[in-house]
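Chain residues, written in single-letter form:
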Amino acid sequence: MSILLKPAALIWLLLMLATCTTTWWLSKDAFPATVATVATVLIAAFKARLVLLNFMEVRHAPLPWRLMFEAWVLLVTAAVLSIYLQTPMNT
Amino acid sequence: MKPETYSTDYTMWRLLAWCGPIFMTVFFFMWGVFAGNLPPAGADLDAAQITAHYLNNGMAIRIGMSVCMVGSAFYMAWGCAVSKVMRRIEGPDGILSNLEMMGATITCAPLLVACGIWLTASIEAPQLPPAIIHMMYWLGWMIIDIAYMVTTFQIFAVGIVFLRDQREKPLMPAWISWWGFVTCAAFFPVSLIPFFKTGPFAFHGLFNFWIAFFTWYIWVTAVSFNIIRAISRLQQEDGAASPSAAQQRAGVLITG
Amino acid sequence: MATAAARLQQARRLPGVEGVWVFIAADMAMFGLLFVSFMLERQKNLALFEHSRHTLDANFGGINTLILLTSSWFVVLAVDAAKRNRVQRVAPCLAAAMICGFAFTVSKALEYADKLRSGISMLTNDFYMYYFALTGIHLLHVAAGCVVLAVLWKRARAGTYNSAQCVGLECGASYWHMVDLLWILLFPLLYLLR
């Protein structure tokens, strides 16, 4: 339709593909649990950042706002992953 | 009777507006710090532990709760001042200022009842079976917490009206209205407290105590100080209007 | 170069009014705390959490993610249409986004019903407590979002939104994207952590 619309469509496609990857591919038992989980969380963080920057237009936000939201994604991901990796696995 | 002799008593408005900070101070220090609710004893304690809590802090809880029962009425008085300022934005037919006043008034009811129950528990702890003290402790929490919807309506009404303010510099900064909506959102998970004894959704937990109560505390404090400022601005607006307009307003007050 | 930077600085803005971003930031902070407390509880009780997680159907979660992503995309299209003054296109896009919201709600209801039928409720164990609480709080956000979208849709049908006037639309859109974003993170935490 128009040039400006194309990025949004591309981002939407990318998000859909990433979702399918984590839900129906990385979740298979063929992948080692830790690798698959870390990858899944990182992909989720990447998706969240895509939504933030492109759909919520934080990319064009005043810098302090942008930094705050980027920090949120970073902090939540880091916290989730570090707690996950510190959890002893007995299986 | 000369209509001009009637003018708005802004001093009284201001006095009632200051009831907000008074309420917050009383509750923070007497309910929170003095009576040992910061942090609360906890939903995970058994009957013996709760009874021990009441026996060990009996006098502090007794004084704290009885002062808070008196202090909760200040929330109602404060609600009147907020309602008056709201009426100046939404006009005499506005209904949200009524909702705000009802919300503030009825918010006092669970505060009064819960503090009354805890007060009684602190007095009766030495002679009642621990199971009853435990029940009273929980009863107070269920009443004070799950009554949140009354306050939600109040906060919601305040938020909407001040966002509709057409003044170039609104009487209330927009972020306070939005902070109010945050408070409303933070209140809903409080409905989970009957199901939890530990974790963030227990009545002493991260979410349903620390976040739900403190978002509200911040909201009341922010609204209070801006209402006090808004009253001065309304008074100035009155003075800036022509004397005949002021007279007309006084006339409207009499006939309407 | 300097003027271009200055122009860029001037153009830097958040969509909608700043107040809605106060709400979004506070809401996201709360969810962040909830995610962390879920992880800490999982750490204490790994075997139980892992066992219970297997009873969840990741298909539901995955499809729900796809639904919300698509819904967000429709909202992006609606805002874009308004900014280009294609006033007629705004309402259909919002309607599509709203239908996705309903679909998410229906799917969640089916999932809950399935759990309750097999005798699983919030009181079963700590995992399900978090599962129902977190998805329930999120579902409330979805329900509120559907109401927002309905209001925007009604206004858009009256031709309210165009390039000169789209602040309200932008506010609603930003909120709806946040609901999407929170689900993107919530879904793997509950369904996919191994």
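Residues numbered from 1 in each chain as written. Chains lettered and ligands numbered in written order. Predicted model: local features only at pLDDT ≥ 70, side-chain atom pairs only at ≥ 80, totals over all residues. Heavy atoms only, no water.

Engineer: Quick question: what am I supposed to make of the overall build of chain C here?
Structural biologist: Across its full length, chain C holds seven helices and zero strands. Reading chain C from its N terminus to its C terminus gives the helix and strand order α-α-α-α-α-α-α. A total of 194 residues make up chain C; the buried ones form 59% of that total. Contacts in chain C between residues at least 24 apart in sequence constitute 83% of all its contacts with a sequence separation of at least 6. (Helix = DSSP H or I, 4+ residues; strand = E, 2+ residues; numbered from the N terminus. Buried < 20%, exposed > 50% of the residue type's maximum accessible area, 1.4 Å probe, protein only. Contact = heavy atoms within 4.5 Å.)

Engineer: Please explain the overall build of chain B as it appears in this structure.
Structural biologist: Within chain B, the regular secondary structure consists of eleven helices and zero strands. When the helices and strands of chain B are listed from N to C terminus, the series reads α-α-α-α-α-α-α-α-α-α-α. Expressed as lengths along the three principal axes of its C-alpha atoms, the size of chain B is roughly 70 × 35 × 25 Å. The burial tally for chain B puts 50% of its 256 residues in the buried class. Expressed as a percentage of contacts within chain B between residues at least 6 apart in sequence, the contacts between residues at least 24 apart total 79%. A total of about 11,500 Å² of accessible surface is found on chain B, and carbon and sulfur atoms cover 69% of it. Computing the positive centroid from 13 side-chain charges and the negative centroid from 13, chain B places the two 7 Å apart. (Areas by Shrake-Rupley, 256 points an atom, 1.4 Å probe, with all protein chains shown as cover. Lys, Arg positive; Asp, Glu negative; His and termini not counted. Charge placed at Lys NZ, Arg CZ, Asp CG, Glu CD.)

Engineer: How should the nonpolar core be read in this particular structure?
Structural biologist: Most often, soluble globular proteins have nonpolar side chains that are buried together. Counting 184 residues, the largest nonpolar core has B:W31, B:W219 and C:L181 as the members making the most contacts within it. Broken down by element, the residue count for this core peaks at 18 residues, all from helix α7 (residues 167-192) of chain C. Excluding its chain neighbours within four sequence positions, the residues that come into contact with B:W219 are B:Y75, B:W78, B:Q154, B:I155, B:V158, B:I176, B:W179, B:G180 and B:T183. (Core = buried A, V, L, I, M, F, W, Y, C linked by side-chain atoms within 4.5 Å.)

Engineer: What's the story with the interface of chain C and chain B in this structure? I'm lost.
Structural biologist: Many authors give the size of an interface as the accessible area that is lost as the parts come together. Contact residues are listed per partner, giving 18 residues for chain C and 18 residues for chain B. Summed over the shared surface of chain C and chain B, the number is zero residue pairs in polar contact (both at pLDDT 80 or more). Those elements giving two or more residues to the side of chain C that touches chain B turn out to be α2 (18-44) and α6 (126-157) of chain C. Of all the elements, α2(C) adds the most residues to the side of chain C that touches chain B, at ten residues. (Polar contact = N/O pair within 3.5 Å; in protein donor to acceptor, adjacent residues only side chain to side chain.)

Engineer: Honestly, the interface of chain C and chain A in this entry has me stumped. Any pointers?
Structural biologist: In this complex, chain C contributes 50 residues to the contact, which on the side of chain A involves 52 residues. Summed over both sides, the interface between chain C and chain A buries roughly 4,300 Å², with carbon and sulfur atoms accounting for 74% of that surface. On the chain C side of the contact with chain A, C:R12, C:W73 and C:R194 bury the most area, a combined 18% of that side's loss. The interface formed by chain C and chain A contains one salt bridge. Salt-bridge contacts for C:K83 lead to A:E57; the nearest nitrogen and oxygen are separated by 3.6 Å. (Buried area = accessible area lost by both parts, 1.4 Å probe. Salt bridge = Lys/Arg side-chain N within 4 Å of Asp/Glu carboxyl O.)

Engineer: How should I be thinking about a nonpolar patch on the surface in this particular structure?
Structural biologist: Residues and elements named next belong to chain B. A contiguous nonpolar surface patch, about 330 Å² in accessible area, is contributed by F34, M59, I63 and V67. It is helix α4 (residues 58-71) that contributes the most residues to the nonpolar patch, three residues altogether. Residue placement: M59 occurs in helix α4. (Patch = residues over 30% accessible without salt bridge, like charges linked within 9 Å, V, L, I, M, F, W, Y side chains within 5 Å.)

Engineer: Looking at this structure, how should I read unusual backbone geometry?
Structural biologist: The omega angle of the peptide bond from B:L38 to B:P39 is 0°, so this bond is cis rather than trans. Tracing the backbone shows B:P39 in the loop between α2 (19-34) and α3 (47-56). In the Ramachandran plot, A:E57 falls in the positive-phi region, its phi being about 60° despite a non-glycine side chain. Within the fold, A:E57 resides in the loop between α2 (33-55) and α3 (63-86). One non-glycine residue with positive phi stands out, namely C:N85, at about 60°.

Engineer: What should I look at first to understand the packing of aromatic side chains in this one?
Structural biologist: The way to describe two aromatic rings as a pair is by their centre distance and the angle between their planes. All names here are of chain C. Tallied over the entire structure, the rule returns 53 aromatic pairs over all chains. Measuring from ring centre to ring centre gives 5.3 Å for F104 and W183, while their planes differ by 85°; the resulting arrangement is edge-to-face. Here F104, found in helix α5 (residues 87-117), pairs with W183, found in helix α7; they are 79 residues apart in sequence, far enough to count as distant. The same class applies to F104 and to W183, which are both buried. For K108, the ring lying beneath its charged end belongs to Y112, and the centroid distance is 5.9 Å. Its end group placed over the ring of W153, R157 keeps NZ or CZ at 4.5 Å from the ring centre. (Phe/Tyr/Trp six-rings, centres within 6.5 Å; stacked < 30°, edge-to-face > 60°. Lys NZ or Arg CZ within 6 Å of the ring centre and 35° of its normal.)

Engineer: How should the environment of C:R86 be read in this particular structure?
Structural biologist: All names here are of chain C. In this structure, R86 sits in the loop between α4 (58-83) and α5. With relative accessibility at 40%, the residue R86 sits in the partly exposed group. Separated by 49 residues in the primary sequence, R86 and S37 have C-alpha atoms spaced 45 Å apart.

Engineer: Is there a simple way to explain the pattern of salt bridges in this structure?
Structural biologist: When charged atoms on two side chains of opposite charge get close, those side chains can pair. Residues and elements named next belong to chain B. All chains considered together, the criterion is met by 13 salt bridges over all chains. Residue D238 is joined to R88 by a salt bridge in which the shortest nitrogen-to-oxygen separation is 3.0 Å. Remark: R88 occurs in helix α5 (residues 73-90) and D238 occurs in helix α10 (residues 206-240); sequence separation between them is 150 residues. Judged by relative accessible area, R88 falls into the partly exposed class, the value being 23%. We note a salt bridge from R167 to D165, for which the minimum N-O separation is 2.9 Å.

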